[in-house]
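# Residue-level structural notes
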Amino acid sequence: MKDDFFMTKNERVLEYLKSLPEGTKISVRSLAQALKISEGTAYKAIKDAESMYIVTTIPRAGTIRTKPKSKSFDRLTYEEIKNVVDGIVLGGENGLNIELNKFLIGAMTTEEMVKYIQPGDLIILGNRDNAQMAALKAGAAVLITGGFDAKIEVKTLADKLSLPLISTTYDTFTVATLINKAINERMTKKRILLVSNIMSSNPIYMTTNQTVNDWKALLNKTSHTRYPVVDESGTLVGIVTSREIAKADDNDKIGDIMARNPIYVTETTTVAFAAHLMIWWNIEVLPVTNNKELVGIISREDVIKALQYMAKQPQIEETINDTLLKDFHAEKTQDGMKFYGTIPQNMVNQLGTVSSSALMMLMSECGISSVTRNKRFDAVVDNFLVYFIRPLQAEKTIEVNTSIIDYSGNFCKVEISVLYEETMIAKALMSLRLLKNKKLF
């Protein structure tokens, strides 16, 4: 851990939040007063802490200190449900780490309810003792709404079966809404892959005091030519590649020849943004830092494999892009692709016609898709020039034609046109930077 003197104000606030006991309620004002900082600094630190899973914000309850969560986004446990609904555990605490299968609302007779229960489920109930007992015996956890307590025999059974028995003051509708939101956010996060999920946690690195001879020894051992460089405290200070080595003598120190101020990412950076950096700066490895200390490294190959894997995962929560393209069909053409379908009704502006931003997003997505489907690599938009856009009613069948007019190296240009009943509605020119799977070292 770094000395407090060398830590930034934001880093000191994060360390303070980490030191708080689990369950401590936190507000911007109280944090600012406790540490004598501005409310703006406190707000930014709380948002950073949320992304690092140090704290969580619960509707109607506020922000609280939580236990560090797993970096896996595939699991939603009973403990997280307890936090989401600001619940109290009445029994079965040993089962809080069990993964949730699905949740059910027990608004039926006990006999009918049991037919739908499977182990790993969560049953939302009121103060119905018999239904609570039946749900536990069927292998499900129980969430009691309305702030009711449970009978001692129900608590005893929950402890015996290690199935959580949780009570919350919220009503059934609010609880179902909160849990649905948590599941949707979790599945969305599952799609948003972070650098921490793919990075190498034991990177090979060099120090500023090592020499070119040491670099050559590493080259013979690993066949790699690019290494992050750290100082005595483990802080990332540069990167050294064969380009710097070619101009140096064997006894030159790495600290004297390295490239300073290297581009780096953190563990909470998205893989998509890391890919964008690699494309934009044409680099093949990125150091990963935590408070500027080197903790890992990712390569172009790691990023491409991760993006290809995520593209094959089921999409549970729709994004705006998904909504735009879900009613469109695509077919290949000689120099690009043709898309045809309808723009959803909810993409209209205040005048009742298709929003220009929605139409531009559609054109952009079609342009990217035509390149990545035909060429089989990832791409990011470098420039997007719209020549004109005309008014268009929603839910009208349109045709989007894309044509790849130039392709060279790491760049590509695509011409995009939108037609409705053979009338040109919009036209644009897009240039993209391409992410190819090059040999890394």
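Per chain, the residues get numbers from 1 upward, laid out in the order the sequence is written. It should be noted that, the model being predicted, local features are given only for residues of pLDDT at least 70 and side-chain atom pairs only at 80 or more, the latter also being counted only at that level, while totals for whole chains, interfaces and linings use all residues. Just so you know, side-chain values use all the structure's heavy atoms and leave hydrogens and water out.

As recorded in an unreviewed UniProt entry, the chain goes by the name Putative signal transduction protein with CBS and DRTGG domains, listed as coming from Thermoanaerobacterium xylanolyticum.

## With respect to the overall build of the chain
Under the convention used in this document: Numbering of helices and strands starts at the N terminus; helices are DSSP runs of H or I of at least 4 residues and strands are runs of E of at least 2. Between buried and exposed lies partly exposed: a residue is buried under 20% and exposed over 50% of the maximum accessible area for its type, with that area taken using a 1.4 Å probe on protein chains only. In this description, contact between two residues means that some pair of their heavy atoms is separated by no more than 4.5 Å. Accessible areas in this description were obtained via Shrake-Rupley with a 1.4 Å probe; residue shielding takes into account the shown protein chains only.
Of the regular secondary structure elements, the chain holds 15 helices and 21 strands. Counting across all 441 residues of the chain, residues that qualify as buried make up 44%. Contacts in the chain between residues far apart in sequence, at least 24 positions, make up 55% of those at least 6 positions apart. Summed over its atoms, the accessible surface of the chain is roughly 23300 Å², and 50% of this surface lies on carbon and sulfur atoms.

## Here's the deal with the nonpolar core
Formally: As used in this record, nonpolar core signifies buried Ala, Val, Leu, Ile, Met, Phe, Trp, Tyr and Cys residues forming a set joined through side-chain atoms within 4.5 Å.
Of all hydrophobic cores here, the largest spans 30 residues; its most connected members are I343, L359, L362, I398, V400, V418 and L432. Elements represented by at least two residues in this core include exactly β17 (336-342), α15 (356-375), β19 (397-408), β20 (411-420) and β21 (423-435). Per-element accounting of this core gives the leading share, 7 residues, to α15. If near-sequence neighbours (up to four positions away) are discounted, L432 is found in contact with I368, V371, A379, V380, D382, N410, F411, C412 and V414. Residues L96, F103, I124 and A141 belong to the second largest nonpolar core, which totals 19 residues.

## Quick notes on the pattern of salt bridges
The condition is simple: Put simply, a salt bridge is a Lys or Arg side-chain nitrogen that is within 4 Å of an Asp or Glu carboxyl oxygen.
Applying the stated criterion across every chain, the model contains 11 salt bridges. The salt bridge partner of K155 is D149, with a shortest N-O separation of 3.1 Å. Judged by its relative accessible area of 19%, K155 is buried. Of the charged contacts in the structure, one is a salt bridge between E284 and R226, with a shortest N-O distance of 3.6 Å. One end of the pair, E284, is in the loop between α12 (271-281) and β14 (285-290); the other, R226, is in the loop between α9 (212-222) and β10 (227-230), and 58 residues separate them in sequence. Take E284: its relative accessible area is 12%, and that puts it in the buried class. R226 gets classed as partly exposed once you look at its relative accessible area, which sits at 26%.

## With respect to the side chain of T145
Along the chain, the position of T145 falls in the loop between β7 (141-144) and α7 (152-161). Excluding anything up to four places from it in sequence, T145 contacts I124, L125, G126, T168, Y170, D171, T172 and V175.

## A few points about the sheet that holds strand β9 (residues 206-207)
This is how the line gets drawn: In short, DSSP must find at least two bridges between two strands for them to pair.
Here we have 4 strands laid out as an open sheet, ordered β9-β10-β11-β12, and mixed in their pairing. Strands at the two margins of the open sheet, each flanked by one partner only, are β9 and β12 (259-260). With 4 bridges joining them, β10 and strand β11 (residues 236-240) adopt antiparallel strand pairing. Residue P228 lies in a different strand from β11, and its bridge partner there is I239.

## Re the sheet that holds strand β13 (residues 265-266)
Taken in spatial order, the 3 strands of this open sheet run β13-β14-β15, and their pairing is mixed. In the strand order of this sheet, the two ends are held by β13 and β15 (293-299), each with one partner. Summarising the sheet, β14 and β15 pair through 6 bridges and their orientation is antiparallel. Across the sheet, residue V288 finds its bridge partner in β15, namely G296.

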